[in-house]
Amino acid sequence: MKDQPTPVRDVSGPLELVLPEPPLLSWDDGGTQGTARWFGSGPAPLQIRVVDDTLTAEDAYRMAHRGTAMLWTGDYHNARQLLSALGRRIPGPRPAKRATGTQAEREPDVGAEFYRHRQARSRRSRMLASVLVPLAPGPSVDLRRGPEIATAWTHAHGPITEASVIPLQDLLGVLGAEQWRARGVHVPALDAPIHPHYGTFAPIRGEYLDLVAGETLPETDTAFDIGTGTGVIAAILARRGMKRIVATDLSARAIACARENLDRLGVGETVELEQTDLFPTGRRAGLVVCNPPWLPGSANTLLDQAVYDPKSRMLRAFLTGLPEHLEPGGEGWLVISDLAEHLGLRSRDELLGWIAAAGLQVAGRSDVKPSHRRALDREDPFHEARSAEITSLWRLIAA
């Protein structure tokens, strides 16, 4: 389900999401009409066929290719095996056609290849989402040998009061997110774990947090953390001695997650949370930090929203609004990777142009080379771009 929150100010307790009611699905089950509430992250299927353990992977692939969803009624573990077998049959992106003649010597269009790669992943996700499992009120998985999901599901979506249907891959995502939430992600800059909630991005890449932890602070007691997510940057600023911090996020999930993490770390009283788009209403600060999504592109899932920024909307809006939210002599810290530049999705000149057009100038920049696994994976189709990536903290001041 997509999170469509109603703006709330000064959130200090649990939030209740107000979401549109999901559609009601119906299907024929051997002459009996079946109905259930749809609870998938994508569009509801138009065609549903009831299947069981007798379904072969080849037949499942053909149905998924035609856009027919399969409501599983057999054993839960067999459904997981079928999903894996289906995934092995879905082809990956086709190689780009080689140019001929003098065009063959031109540099490949990395941006176009990245777009094609995302399209192929989207097609794969849609096909995998065709394997559905039934949920009973509670909730519980209404299948033989179904796992216990009540805690994970309630944390992610709240209780279920009627029979529902969800893609198996979405259910696995809920269960995986609960493991992240319980285990946490150790953040060296805090020497403590951050516990991401379902739909919030786990701070598994520590280099950008090290930049925030190591940069010289301006002479101020007030800071904004724009797009706080799990609250990790606000926590680092509080640990560094910032007296008053306002952390904002448009997502109610993120606000609730940040509140839990900040309280657990003992800095909850230092940080005020505001559910809003970008800047706190009518306020200024001596330091404004923003770590926007690093890649221009459409966001198809909750986690995509932390990675992809459609048409660089958040980045540009942050830069445009920054001068009027800075105290005199204040600084804005833009924390961003240049991976988009290496992928041909955005140029350095564009970024510098947006900074200048906003009435800002660069007072300094700190860089760090990422060391995450994907940057070292030579099998990654975009290894060259990832291995050249630099993450930077841009110090911006009013021109």
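The sections below set out a description of the structure shown in this document. Quick caveat: nothing in here was measured; it's all calculated off a predicted structure. (Residues numbered from 1 in each chain as written. Predicted model: local features only at pLDDT ≥ 70, side-chain atom pairs only at ≥ 80, totals over all residues. Heavy atoms only, no water.)

## Examining the packing of helix H6 (residues 207-214) against helix H7 (residues 232-239)
The geometry of a pair of packed helices is captured by two quantities: the angle between their axes and the separation between those axes.
Move 1: Remark: H6 packs on H7, axes separated minimally by 9 Å, with the N-to-C direction vectors making an angle of 30°. With respect to their mutual orientation, H6 and H7 come out roughly parallel. Regarding H6 and H7, the two cross each other, and that crossing is right-handed. Only Val232, Ile233, Ile236 and Leu237 of H7 make contact with H6, whose side of the interface consists of Tyr208, Leu209, Val212 and Ala213.
Move 2: Looking at side-chain class alone, the contact of H6 with H7 contains eight nonpolar, no polar and no charged residues. (Axes fitted to C-alpha atoms, helices over the stretch in contact; angles between N-to-C directions. Helix = DSSP H or I, 4+ residues; strand = E, 2+ residues; numbered from the N terminus. Parallel < 35°, antiparallel > 145°, perpendicular 65-115°, else oblique. Left-handed = near helix turned anticlockwise from the far one by under 90°. Contact = heavy atoms within 4.5 Å. Nonpolar A, V, L, I, M, F, W, Y, C, P; charged D, E, K, R; others polar.)

## Things to note about the environment of Tyr198
Move 1: The topology assignment puts Tyr198 in the loop between strand S9 (192-194) and H6.
Move 2: Put simply, Tyr198 and His157 are 41 residues apart on the chain and 8.8 Å apart in space, counted from C-alpha to C-alpha.

## Concerning the packing of aromatic side chains
Move 1: Across all of its chains, the model carries three aromatic pairs by this definition.
Move 2: Judged by centre distance (5.2 Å) and plane angle (75°), the rings of Phe39 and Trp153 are edge-to-face. Of this pair, Phe39 sits in the loop between strand S2 (32-38) and strand S3 (47-51) while Trp153 is found in helix H4 (residues 150-157), placing the two residues 114 residues apart along the sequence.
Move 3: The class of Phe39 is buried, set by a relative accessible area of 14%.
Move 4: For Trp153, a relative accessible area of 0% puts it in the buried group. (Phe/Tyr/Trp six-rings, centres within 6.5 Å; stacked < 30°, edge-to-face > 60°. Buried < 20%, exposed > 50% of the residue type's maximum accessible area, 1.4 Å probe, protein only.)

## Topic: the pairing of strand S16 (residues 326-337)
Move 1: The buried fraction of S16 is high, at nine of twelve residues.
Move 2: Bridge analysis of strand S13 (residues 285-290) against S16 gives five bridges, and the strand direction is parallel. Paired with Cys290 across the two strands is Leu334, which belongs to S16.
Move 3: One ladder, built from six bridges, connects S16 with strand S18 (residues 391-398); its direction is antiparallel. Within S18, the position partnered with Gly332 by the bridge is Leu396. (Pairing = 2+ DSSP bridges.)

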